[in-house]
Amino acid sequence: MPADLLPDLPAWLSVVCGAVLGLLVGSFLNVVIYRLPRILERQWAAEAREIVAGDAAADIPAAAPGGVETAPAERFNLLIPRSHCLSCGHPIAWYENIPVLSYLALRGRCSACRAPIGVRYPLVELLTGVLFAFCAWRWGLTWSALAWCGFAAALVALAGIDWDTTLLPDGLTLPLLWAGLIAAALKLTDVPVADAVWGAAAGYLALWAVYWAFKLATGKEGMGYGDFKLFAALGAWLGWQGLLPVILLASIAGVIVGLALKAASRLREGGMVPFGPFLALGGLAAMLAGPHTLLSFILETAVDRL
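Note that the coordinates shown come from a computational prediction; the quantities given were computed from them, not determined experimentally.

This part covers the overall build of the chain. A count of helices and strands for the chain gives 10 helices and two strands. From first element to last, N terminus to C terminus, the chain shows the α and β order α-β-β-α-α-α-α-α-α-α-α-α. Whereas a compact globule of 306 residues would reach a radius of gyration of roughly 19 Å, the chain reaches 21 Å, a difference of no more than 12%. Expressed along its principal axes, the backbone C-alpha trace of the chain runs to roughly 55 × 55 × 45 Å. Split into buried and exposed, the 306 residues of the chain put 42% on the buried side. Surface summary for the chain: the accessible area is close to 17,000 Å², and the carbon and sulfur share equals 68%. For the chain, the distance from the average site of its 19 positive side-chain charges to the average site of its 21 negative ones is 8 Å.

What follows is the structure, encoded as structure tokens:
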């Protein structure tokens, strides 16, 4: 286990530092969840125009998400433009962007137009704060804690993006996969390198096999390739032994949520429920409880229900 970054810091203060950092990172994750899919859509639209129109594509306006026409030269990334109200365009001041506290002070409404602010914003901040606090409590202020904080942050972002758009961007899943392998090589996790490699391979191939079995049987696609890559990344972080409890929890949670949405007539078009958020849930549960404890809990609960 790597040495503490600040060895003289009391344990409770380490947890507080982790929570504060998590709240700040959670605020940024809200930006990632909202903007990253739109950045990708703009890139795909630009590539499509280049293919169709060649050099003349530069004169064709780019279609932004929602059908709004924008100039091709308009900059749009995770930092630009400045955060603003989606209803009236009011720029958000720094004191209106303090995690959780600003939401409470504004009573969940824009200070300019009083349009409601989605409750998911403070929930993402709180969730990330709790996860980072756990990492600081479990591993102290070490490089291991920072690695697991990155793992948690990536899963929160991926879950939010997939729930909104059914996309799991390669820009998040692949770095998460490689980070897991590197973390194992640097002994930042308790997973041996060989187990991490086999976990990544088994995670990808397992869902790839399910995908093709389902497609051959029904002619339909039951999941996307992003799910393969996310499960591979979880295997890299948790080892091949962690794949079973993760997929069991993800499947059970997915079925429960899917049935609840169907009963409430809230399924999206095509009746599809993205699987990525439930894989992320399984990965976070395995981080919090440990893969073996999680598997024991699932099996004991299943036996009690029978």
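Interhelical geometry of helix α1 (residues 11-53) versus helix α4 (residues 143-165) gives an angle of 35° and a closest axis separation of 9 Å. Crossing geometry of α1 relative to α4 is assigned as right-handed. Facing Val25, Leu29, Val32, Ile33, Leu36 and Pro37 of α1, the residues of α4 in contact are Ala153, Val156, Ala157, Gly160, Ile161, Asp164 and Thr165. Considered class by class, the residues forming the contact of α1 with α4 number 10 nonpolar, two polar and one charged.

The next thing to look at is the packing of aromatic side chains. Each aromatic ring pair is specified by the distance between its two centres and by the angle formed by the two planes. Summed over the entire model, instances satisfying the criterion amount to 13 aromatic pairs. Taken together, a centroid distance of 4.8 Å and an interplanar angle of 45° make the contact between Tyr225 and Phe228 tilted. Residue Tyr225 and its partner Phe228 are both found in helix α7 (residues 225-238); the two are separated by three residues, about one turn of the helix. A residue is classified by how much of its surface remains accessible, and Tyr225, at 37% relative accessible area, is partly exposed. Taken together, the ring pairs in this structure connect Phe134, Trp137, Trp139, Trp148, Phe151 and Trp237 into an aromatic cluster. In this structure, Arg38 is placed above the aromatic ring of Tyr34, and the distance from its NZ or CZ to the ring centre is 3.9 Å. Directly above the aromatic system of Phe76 lies the positively charged group of Arg42, at a separation of 4.4 Å from the ring centroid.

So, on to the confidence of the model for the chain. Summary statistics for the chain give a mean pLDDT of 89 and a share of 90% for residues scoring 70 or more. Confidence drops under a pLDDT of 50 for residues 63-71, and excluding neighbours within four residues, the segment shows 14 contacts in the predicted structure.

Quick look at the side chain of Lys229 now. Looking at the element boundaries, Lys229 is found in helix α7. Once you skip the residues sitting within four places of it in the chain, Lys229 turns out to touch Asp170, Thr173, Leu174 and Tyr204.

Right, let's talk about the packing of α1 against helix α3 (residues 120-139) for a bit. Across the interface, α1 lies against α3 with an axial gap of 6 Å and an inter-helix angle of 140°. Relative to α3, the crossing made by α1 is right-handed. Of the residues that constitute the contact of α1 with α3, the class distribution is 14 nonpolar, eight polar and two charged.

Let us now look at the nonpolar core. Judged by nonpolar contacts, the single largest core of 64 residues is most densely connected at Leu176, Leu279 and Met287. Setting aside anything within four residues of it in sequence, one finds Leu176 in contact with Phe151, Ala154, Leu155, Leu158, Leu230, Ala233 and Trp237.

The next thing to look at is the environment of Ala253. Here Ala253 is to be found in helix α8 (residues 243-263). Residue classification places Ala253 among the buried positions, given a relative accessible area of 13%. For the pair Ala253 and Phe228, spaced 25 residues apart in the sequence, the C-alpha separation amounts to 18 Å. Leaving out residues up to four positions away in the same chain, Ala253 has contacts with Phe278 and Leu281.

Two side chains with opposite charge may pair up if their charged atoms get near one another. Overall, the coordinates contain three salt bridges when judged by the stated rule. With its nearest N and O atoms 2.8 Å apart, the salt bridge here joins Asp170 to Lys229. With Asp170 in helix α5 (residues 170-185) and Lys229 in helix α7, the pair connects residues that are 59 residues apart, well separated along the chain. With relative accessibility at 19%, the residue Lys229 sits in the buried group. In this structure, the salt-bridge partner of Glu221 is Lys215, at a minimum N-O distance of 3.5 Å.

Let's shift gears to the environment of Cys113. On the secondary structure map, Cys113 appears in the loop between α2 (101-105) and α3. What makes Cys113 partly exposed here is its relative accessible area of 33%. Sequence separation between Cys113 and Thr166 is 53 residues, and the spatial gap between their C-alpha atoms is 31 Å. Sequence-distant contacts of Cys113, that is, excluding residues within four places in its chain, are made with Cys85, Ser87 and Cys88.

Scanning the model with the defined rule gives zero disulfides in all. In this model Cys88 remains outside any disulfide bridge; the closest cysteine sulfur is found in Cys113, 3.6 Å from its own. Unpaired in this structure, Cys110 has its nearest cysteine sulfur neighbour in Cys85, at a distance of 3.7 Å. For Cys110, a relative accessible area of 5% translates into the label buried.

Parameters and conventions
- Residues numbered from 1 in each chain as written.
- Predicted model: local features only at pLDDT ≥ 70, side-chain atom pairs only at ≥ 80, totals over all residues.
- Heavy atoms only, no water.
- Helix = DSSP H or I, 4+ residues; strand = E, 2+ residues; numbered from the N terminus.
- Rg over C-alpha atoms; globule rule 2.2 N^0.38 Å.
- Buried < 20%, exposed > 50% of the residue type's maximum accessible area, 1.4 Å probe, protein only.
- Areas by Shrake-Rupley, 256 points an atom, 1.4 Å probe, with all protein chains shown as cover.
- Lys, Arg positive; Asp, Glu negative; His and termini not counted.
- Charge placed at Lys NZ, Arg CZ, Asp CG, Glu CD.
- Axes fitted to C-alpha atoms, helices over the stretch in contact; angles between N-to-C directions.
- Left-handed = near helix turned anticlockwise from the far one by under 90°.
- Contact = heavy atoms within 4.5 Å.
- Nonpolar A, V, L, I, M, F, W, Y, C, P; charged D, E, K, R; others polar.
- Phe/Tyr/Trp six-rings, centres within 6.5 Å; stacked < 30°, edge-to-face > 60°.
- Lys NZ or Arg CZ within 6 Å of the ring centre and 35° of its normal.
- pLDDT = per-residue confidence, 0-100.
- Core = buried A, V, L, I, M, F, W, Y, C linked by side-chain atoms within 4.5 Å.
- Salt bridge = Lys/Arg side-chain N within 4 Å of Asp/Glu carboxyl O.
- Disulfide = S-S within 2.5 Å.

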